[in-house]
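Each chain, letter by letter, is given below.
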Amino acid sequence: LLIGLVLLLTTVVDGASRAPEADGAAAMEKFLTRPAVARQYRALRHLEASGGGQRGWLDAQTEFSPATGMRYEVMGEGGSGIIRSRVLRPLLEQEQQLIATGATGSVAIDRANYRFSEDGTDADGRVQVTLQPLRKDRALIAGTLFLEPHDGDPVRIEGRLAKNPSFWTRRVDVVRSYTRLNDVIVPRSLESTAQLRLFGRSLLRMTYQYSHVVDRPLADSA
């Protein structure tokens, strides 16, 4: 389960100039053709997970730069020691390792990994794009990408991992949300629900509070 979720944490999308076009197909094309460039950031992350009658949480100060990779420092933690040591800390450690080894390209939301089809708009007017993974991979999502209609900014992804992480995990549903800060698209939150064969439902949530993006401070953290 951790590998699949870790690979979903690594995407940062370069901000593109805003366009007046509000057509769904144009918004999708704008998203697909913008450069995926790693940008520097600093964010306090809150992680919490529950399952099997236990719950744990952890706050970590995280930093990323293309030159040095990802670093983190745990600022506070509580609850189940098992969840903290076997779920939350490994989530950060594996993200750190995957960035260091350059493995993020294999799970990028692009044409190398997905087939895309525009599918109208939702109740909020966001463009819906169906994501069909090109292979069964526990780090790819079969689901829907929601885009802002005028500029193709990603708002969120909802779906299910294309492959179960293990025999013990029957399915993993994921919601990943994004925001634009200092003209860069960055992750805002990650939520997942996994159905475990012996322990029932397991929940994981991670949120980001940014202080710097592209080496510039933010007036208001998000």
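Rules and cut-offs
- Residues numbered from 1 in each chain as written.
- Predicted model: local features only at pLDDT ≥ 70, side-chain atom pairs only at ≥ 80, totals over all residues.
- Heavy atoms only, no water.
- Core = buried A, V, L, I, M, F, W, Y, C linked by side-chain atoms within 4.5 Å.
- Buried < 20%, exposed > 50% of the residue type's maximum accessible area, 1.4 Å probe, protein only.
- Helix = DSSP H or I, 4+ residues; strand = E, 2+ residues; numbered from the N terminus.
- Contact = heavy atoms within 4.5 Å.
- Expected span 1.5 Å × (residues − 1).
- Bend = angle between axes of the 7 residues up to and from the residue.
- pLDDT = per-residue confidence, 0-100.
- Salt bridge = Lys/Arg side-chain N within 4 Å of Asp/Glu carboxyl O.

**Some details on the nonpolar core**
In this structure, Ile109, Phe116 and Leu145 are the most contacted members of the largest nonpolar core, which totals 25 residues. Looking at this core, the elements with two or more residues in it are helix H2 (24–33), strand E5 (114–121), strand E6 (127–133), strand E7 (141–147), strand E8 (154–161), strand E9 (169–181) and strand E10 (184–196). Beyond its immediate stretch of four places on either side in the chain, Leu145 contacts Phe31, Ile109, Val127, Gln128, Val129, Leu131, Pro154, Arg156 and Ile157. One finds Ala43, Ala49, Tyr210 and Leu218 within the second-largest nonpolar core, a separate group that totals 21 residues.

**Here's the deal with helix H3 (residues 81–100)**
In this model, H3 (20 residues) spans 27 Å end to end at C-alpha, consistent with the 28 Å of a helix rising 1.5 Å per residue. The sharpest bend along H3 comes to roughly 40°, located at Pro90. Inspection of H3 places Ile83, Arg84, Leu88, Pro90, Leu91, Leu92, Gln94, Glu95 and Leu98 among the buried residues, and these make up the whole buried set. Within two residues after H3, Gly102 carries a phi angle of roughly 70°, on the positive side.

**Focus on the confidence of the model for the protein chain**
If pLDDT is low for a region, its predicted coordinates should not be looked at in detail. When the pLDDT values of the protein chain are averaged, the result is 86; 86% of them are 70 or greater. Looking at the elements of the protein chain, mean pLDDT is at its lowest for helix H1 (residues 2–7), recorded as 52, and at its highest for E6, recorded as 97.

**Overview of the pattern of salt bridges**
Two side chains with opposite charge may pair up if their charged atoms get near one another. Considering all chains together, one arrives at 16 salt bridges under this definition. Residue Asp122 pairs with Arg156 through a salt bridge whose shortest N-O separation is 3.9 Å. Remark: Arg156 occurs in strand E8 and Asp122 occurs in the loop between E5 and E6; sequence separation between them is 34 residues. Arg160 serves as the salt-bridge partner of Asp173, at 2.7 Å between the closest nitrogen and oxygen. Taken together, the residues span a long stretch of sequence, with Asp173 in strand E9 and Arg160 in strand E8 at a distance of 13 residues. Relative accessible area serves as the criterion here: at 28%, Asp173 is assigned to the partly exposed category. Because the salt bridges share partners, they merge into one network encompassing Arg34, Asp153, Arg180 and Asp183.

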